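# Observations on the three-dimensional arrangement
Each chain, written out:
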Amino acid sequence: MERKNLLSMGILVVALILFSSMSSYSEEVRGVTDKSVKIGIICDLTGPSTDAWTPITYGLKAYSKMINDRGGIHGRKINYIIEDDRYSIPLALSSFKKLVYRDKVFALLGPGSTGGTVAIIPLVEKEKIPLLANTSERRFLVPARKYIFSVLPCYQDQAKLALEYTFHDMKLKGPTIALMYPDMASGKTTRDAVRELVKVYPVKDYKEVIISMAPLDYTSEVLRVKQSKPDIIYLFGFPAQAGLIVKTARIHRLSTPIIVFQFGCTDETIKLAGKAATEFMGINCFGVWDDDSPGVKELRKVSLAYDPNVHYRDSNFFAGWLLGMIFYQSFKNAGRDLTRETYLKGLEAVNFDTQGICGVITFGPDDRKPIDSHRFFKADIDKGEFVPITGWRKPKKYDF
């Protein structure tokens, strides 16, 4: 009898130890408690890309507030700690150190620039911090790196689609193509892709003009483009840059169609350009406010519920909303016993239909780039907005 009691007591002690370990499990993971998980965001809120990053943060916060108001994910609410890097590499590094070493966040989003991403990736991998990176540089994604995931469309993909649209939709024959881009990492990546593509297509002439990140005066840049007599202009820029370039082009009677890539393809750009945006087009991977899809209907409903006086959101808000969706799906996949390893597996298992926010989103053990589909848009100057002129498209594969 005494032996049975000792055996029972031993089993009870073991069980207590096991359950005690399980209950404190989440508390031992940096940035995770039983009721919350901390995510660090490094972004540009006061620098040259603030017109893109500010609505991104609004969209992310709106989606996460909706999830938190519904009880969170596996009982945990997401708490964001935001650091402004002002599109600066030194500030991106200092923001990383604050968020990781002082705030002890579980995972990261950002930074605000590709250059900042290049700077923090060695630290990310050293500290084994999952990062949803604000970059579409293939060198960070192929081959896949364990802790690095991209949340943006690939710049190379958009360049490919721009050339395909030029030749197959616009049916230009032997055109002269001009590219305007800023002298920064993402602009250079786009430039390099276009350089390779103009070797593939029968292009008569190709011209490059570097633009300043500060949207002050683009007269000299526009006049240099005009001298090349282009049939089509590709533009990599943010809304403030793109809007002023389009307006300056029309002032100097440059009526060539312009296709702006992702970040400049927002209605804010059209508002800045005004009536000059008559031949202004764009390529974007996200839906638009007036779309009738289930995903956009929910976005509108939630946005209006939280901010009833705001009756419009641009594609950058959609990008932030998508980020919230990815965080939600990855945490949901990871399960209640949240660790870095279970979270990484949860990210790799992401595969869901956004129902109109963008295309289908997928990651995988060897796939860190979630977005493949894009649409082309044309500026409607009477409505002051971009309207889609194609369906969703994926670029062809090229040997580079």
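Source: prediction; values computed, not measured.

Conventions used here
Every chain is numbered independently, its residues counted from 1 as its sequence is written. Residues qualify for local features only when their pLDDT is at least 70, as the model is predicted, and side-chain atom pairs are given and counted only at 80 or more; totals for whole chains, interfaces and linings, by contrast, use all residues. By convention in this description, side-chain values take in all heavy atoms of the structure and omit both hydrogens and water. Strands pair, by our definition, only if DSSP identifies at least two bridges between them. Helix and strand definitions here come from DSSP, where helices need a minimum of 4 consecutive H or I residues and strands a minimum of 2 consecutive E residues; each element is numbered from the N-terminal end. To obtain an axis, a line is fitted to C-alpha atoms, over the contacting stretch when the element is a helix, and the angle between two such axes runs from 0 to 180 degrees between their N-to-C directions.

Sheet architecture is open: 7 strands sit in the order S7-S6-S8-S9-S10-S13-S14, paired in mixed fashion. Where the open sheet ends on each side, the last strands, each with one partner, are strand S7 (205-211) and strand S14 (385-388). For this sheet the average axis-to-axis angle between neighbouring strands, irrespective of direction, equals 25°. Pairing analysis gives 4 bridges linking strand S10 (residues 280-284) to strand S13 (residues 375-380), with the strands arranged antiparallel. Looking across to S13, one finds that methionine 281 is bridged to lysine 378.

Read across the open sheet, the 5 strands follow the order S2-S1-S3-S4-S5; overall the sheet is parallel. On the outer flanks of this sheet lie strand S2 (77-84) and strand S5 (148-150), each paired with one strand and no other. Direction aside, neighbouring strands of the sheet carry axes that sit 25° apart on average. Here 8 bridges tie strand S1 (residues 36-43) to S2, and the two strands are oriented parallel to one another. Considered in S2, the bridge of serine 36 is made with lysine 77.

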